[in-house]
There are 2 protein chains.
Amino acid sequence: MNLLSLRSHNAALLLDLLRTAGGEGISRLELAERTGLTPQAVSKITARLREDGLAAEAGRRASTGGKPRTVLRLVPEAGHAVGVHLDRDEVRVVRVDLRGTVVGQRRAALDLGAGSEAVLAAVRDAVAGVLPAGSDEASPEGPAVLDPSLLGVGVALPGPLDHGRGVLHRVTGFPEWDGFPLRAALAERLGVPVVVDKDTNAAALGLAAGGERGSFAYLHLGTGLGAGLVIGGNVHRGARTGAGEFGHQVIQLDGPPCTCGDRGCVEALCLGAVARGDLGEAARVLGAGAANLVGLLDIDVVLLGGRTVATAPEAFVAGVGAVLQARARRTGQDAVPVRLAAGGDGAVAVGAAQLVLGPVFGRGGG
Amino acid sequence: MNLLSLRSHNAALLLDLLRTAGGEGISRLELAERTGLTPQAVSKITARLREDGLAAEAGRRASTGGKPRTVLRLVPEAGHAVGVHLDRDEVRVVRVDLRGTVVGQRRAALDLGAGSEAVLAAVRDAVAGVLPAGSDEASPEGPAVLDPSLLGVGVALPGPLDHGRGVLHRVTGFPEWDGFPLRAALAERLGVPVVVDKDTNAAALGLAAGGERGSFAYLHLGTGLGAGLVIGGNVHRGARTGAGEFGHQVIQLDGPPCTCGDRGCVEALCLGAVARGDLGEAARVLGAGAANLVGLLDIDVVLLGGRTVATAPEAFVAGVGAVLQARARRTGQDAVPVRLAAGGDGAVAVGAAQLVLGPVFGRGGG
DNA sequence: CCACTTTCGCAACGCTGTTGCCAAAGTGCA
DNA sequence: TGCACTTTGGCAACAGCGTTGCGAAAGTGG
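Residues numbered from 1 in each chain as written. Chains lettered and ligands numbered in written order. Predicted model: local features only at pLDDT ≥ 70, side-chain atom pairs only at ≥ 80, totals over all residues.

**What to know about the protein's contact with DNA strand D**
Residues in close proximity to DNA strand D total 29 residues, the closest being S43, G66, K67 and T70 of chain A together with A41 of chain B. Of the residues that constitute the surface near DNA strand D, the class distribution is nine nonpolar, 14 polar and six charged. (Near = placed C-beta within 6 Å. Nonpolar A, V, L, I, M, F, W, Y, C, P; charged D, E, K, R; others polar.)

Below you can see the structure in the form of structure tokens.
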């Protein structure tokens, strides 16, 4: 760690606090208290941020007997990022500002099996569509993006992949994507940095950026069952960036067979119960898996999302909550709360944009 | 992050590399490469470490055509720590040097149910017993330790507790310890900093300090079943420092009742199989739990330990390994290796000492 | 013996956050 | 209205961080 990284570290720290403060803003002295830096250091760093256009003064607080504190806020328009949710049958693209607010979106049908060239071209067009007019001036073959305030493009898609290298492992049902270097291919076509990740990780990251503090698990129950883990504000991806395989956790030894080849996986049991219309059992099974996870990691909160959960949100929240409450009664501690994940349908695309914004605010090892 | 924390951060970084290098030592240029610092910065920092007596020159490497590199090594005697393993029927105390080598140990029978005063006195005596002669000069009522090179005492014991505040939650079978502020009570009696943690976390930390790199899970199968999780070199304790509840992970919905009040816990199934003499089934059940953990966290390696594992190490390693290999075949990735944890009986006490040494080397949020 | 390579320390430097001090901008009482 | 007081925040000087430039030290090889 040298002085340059110290500088950017502290700048990112302050930017993160400015982002968290949102539209209300935050004063220099509050920033000093929260970071442990001296007020004068905060003044210096925020002066640099104001010079760069990333922060601005925004009114002042009421006086407490002396000079009133000047409120600082993030300038959301100073930069933006694009998030792409690449699903099996459609692509969703959003453009967000520094605060994470959606300032443009686009949605298009897509056949993930149509071949990599067709898919990449469709993504390129959809991304170009959310950019401000004039950004797309290059030739169809060349880089699509010339806008210098665009920090990058984050892409989220289902299935295991190598987040570090940006290479897909498998996309269920589409073997032609095995081993495809998605990040490199897209970065070349778009001309900006590209980050790829699993859809569940993107959704979890979006929740973290959206104000969810501490450590939590986002459980996504849709056509499959997966999890995104956030530990201490950062997404936990594991040694080979394959963490979050929640659905194929075995909770019924020698139980009914699962598509993965094992038996008694949460996913198989849970989706089986859903198919039978037994949502109570589905929620109980999901809760058992969640309780295992809570015991292992001691997280703050469990968040539920996905199409299947959306069909009966209260039933799932209550059912999973009941299992966690029973567990809490046994251990003698407060139960870990269960809530519905905010954001709904567009959460993955918005979270994908956070793959790019995260490093700006000191998240995600950037 | 200010300049003082920057300084100690880089110093800890170098100390950690010196420790990892062990007796062979490491040259300044290698340190520079591994830290990303310039060689000159490494020279300055190591000069300070040598002034403080923490590092020393130790010979030189063969020349590669120019001046040979000077080898630096950690001075193990520059500081030491005491680790206490407080078990239900005995207390084990070790004193280790900076390198983690045991330089003194003591073992005494102990009744954890004999009341806090008796237990604390016994711990105090055992700790005093491993200290160099002359350290224990204070009156029986006053602080026991006057040795300034003693960095602190780490205490590991079974059962859930609050690592942050040093307060016990419950010790199974000994309700009189509920809510006992062990850290404060011991710190007062010993006169040095005290850190308390679960025995499984201490063992895992000891393995990490003993050369185990990256992320791993230590599974301890003895009278109970628990886990210590190390993620990126640091012990993961979770929001309320209760992480690692591996044994009460449910892997058999509505299965046989467990002592915890739930049904189908790994611990109940595994120990039940052991009681029946069916070690193959015990290993398979343990492997199922380990596979769930591996999928969720994507760790590098699974390490097994504990008295029950020690009765048939090969059977457990092979049985758990088989489950993980089957999982790897399904996902198409390399199997996560399973190994026997090094250290054996004394591992927990040695690991407890690392609770104190960890922060010196930049581990554990110190 | 001398040219060459490589390591490593001294000195000067740029930059970090910190400290001391003072102007700015309020409140509140006489 | 005026003045003392409180609180904020900028300017300037500063100590200390890692970096750069350069030269001495300590080897190898012809």
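Still to come is the rest of the account.
**A closer look at the packing of helix α4 (residues 116-130) of chain A against helix α5 (residues 182-190) of chain A**
All names here are of chain A. It is at 10 Å that the axes of α4 and α5 come closest, and there the two elements cross at 50°. When the axes of α4 and α5 are compared, the pair comes out oblique. Viewed along their axes, α4 and α5 form a crossing whose handedness is right-handed. Here L120, V123, R124 and V127 of α4 lie close against α5, whose contacting residues are A185, L186, R189 and L190. Across the contact of α4 with α5, the residue classes tally to six nonpolar, no polar and two charged. (Axes fitted to C-alpha atoms, helices over the stretch in contact; angles between N-to-C directions. Helix = DSSP H or I, 4+ residues; strand = E, 2+ residues; numbered from the N terminus. Parallel < 35°, antiparallel > 145°, perpendicular 65-115°, else oblique. Left-handed = near helix turned anticlockwise from the far one by under 90°. Contact = placed C-beta atoms within 7 Å.)

**A closer look at the protein's contact with DNA strand C**
The local shell around DNA strand C holds 29 residues, among which A41 of chain A together with S43, G66, K67 and T70 of chain B are the closest. Where the surface near DNA strand C is concerned, the elements lending two or more residues are α1 (3-21) and α3 (39-51) of chain A together with α2 (28-35) and α3 (39-51) of chain B. Counted by class, the surface near DNA strand C contains nine nonpolar, 14 polar and six charged residues.

**Some details on the interface of chain B and chain A**
Listed per partner, the contact involves 36 residues of chain B and 36 residues of chain A. Looking at the side of chain B that touches chain A, the elements that each hand over two or more residues are α1 (3-21) and α8 (279-297) of chain B. Per-element accounting of the side of chain B that touches chain A gives the leading share, seven residues, to α8 of chain B. Of the residues belonging to the side of chain B that touches chain A, the class tally is 16 nonpolar, 14 polar and six charged.

**Some details on the relation of the copies chain B and chain A**
Structural alignment of chain B on chain A gives an RMSD of 0.0 Å, achieved by rotating through 180° and translating 0.0 Å along the axis. Taken together, these values place the two copies in the relation of a two-fold axis. The overlap is high: 100% of the interface residues of chain B also sit at the interface in chain A, so the same surface is used on both sides. (Least-squares fit on C-alpha atoms with pLDDT ≥ 70 in both.)

**Overview of the pairing of strand β12 (residues 225-231) of chain A**
Residues and elements named next belong to chain A. Of all seven residues in β12, seven are buried; the element is thus mostly enclosed. Where burial is concerned, the two faces of β12 agree: the one with L225, A227, L229 and I231 and the one with G226, G228 and V230 are both buried. Where strand β11 (residues 216-221) meets β12, six bridges bridge the pair, whose relative direction is antiparallel. The residue bridging F216 from the neighbouring strand is V230, located in β12. Between the end of β11 and the start of β12, which pair antiparallel, lie three residues. For β12 and strand β13 (residues 234-235), the ladder comprises two bridges, and the chain directions are antiparallel. Bridge pairing in β13 links I231 to N234. (Buried ≥ 20, exposed ≤ 12 C-beta atoms within 10 Å, placed from the backbone. Pairing = 2+ DSSP bridges.)

**Focus on the pairing of strand β7 (residues 150-157) of chain B**
Residues and elements named next belong to chain B. Of all eight residues in β7, seven are buried; the element is thus mostly enclosed. Where strand β4 (residues 80-86) meets β7, five bridges bridge the pair, whose relative direction is parallel. Each bridged residue has a counterpart across the sheet, and for V84 the counterpart in β7 is V155. As paired elements, β7 and strand β10 (residues 194-198) share five bridges and run parallel to each other. Each bridged residue has a counterpart across the sheet, and for A156 the counterpart in β10 is D197.

**Quick notes on the sheet that holds strand β3 (residues 70-74) of chain B**
All names here are of chain B. With antiparallel pairing, the three strands of this open sheet are ordered in space as β1-β3-β2. Strands with a single pairing partner mark the edges of an open sheet, and in this sheet they are β1 (26-27) and β2 (55-60). Note: β2 against β3, four bridges, orientation antiparallel. When the bridges of β3 are listed, A56 appears paired with R73. Strands in contact with α1 are β1, β2 and β3; relative to β3, the strand with the most contacts, it is inclined by about 95°.

**A short note on the nonpolar core**
Judged by nonpolar contacts, the single largest core of 217 residues is most densely connected at V84 of chain A together with V84 of chain B. Residue contacts for V84 of chain A: discarding those within four places in its chain leaves V91, V93, V123, V127, V153, G154, V155, A156, A349 and A352 of chain A. (Core = buried A, V, L, I, M, F, W, Y, C linked by C-beta atoms within 7 Å.)

**A few points about α4 of chain A**
All names here are of chain A. Under the 1.5 Å per step criterion, the end-to-end length of α4 is 21 Å for 15 residues, consistent within 8% with the ideal 21 Å. Of all the positions in α4, only V119, V123, A126, V127 and V130 are classed as buried. The buried residues of α4 all sit within an arc of 100° when viewed along its axis, so they share a single face. Against β4 (80-86), β5 (90-97), β6 (102-109), β7 (150-157) and α5 lie the buried residues of α4. (Expected span 1.5 Å × (residues − 1). Arc of directions from axis to C-beta.)

**Topic: the environment of A227 of chain A**
Residue and element names in this part refer to chain A. Along the chain, A227 turns up in strand β12. Here A227 falls in the buried class, since 28 other C-beta atoms lie within 10 Å of it. In the structure, A227 is positioned 153 residues away from L74 in sequence and 31 Å away in space, judged by C-alpha atoms.

**Examining the sheet that holds strand β6 (residues 102-109) of chain B**
Note: strands within a sheet are paired through backbone hydrogen bonds, in either parallel or antiparallel orientation. Residue and element names in this part refer to chain B. The mixed open sheet is built from five strands, whose spatial order is β6-β5-β4-β7-β10. Two strands close off the open sheet at either side, each with one partner strand: β6 and β10. Here the average twist between neighbouring strands, direction ignored, is 15°. Sheet strands in contact with helix α5 (residues 182-190) are β7 and β10, and its direction is about 145° off that of β10.

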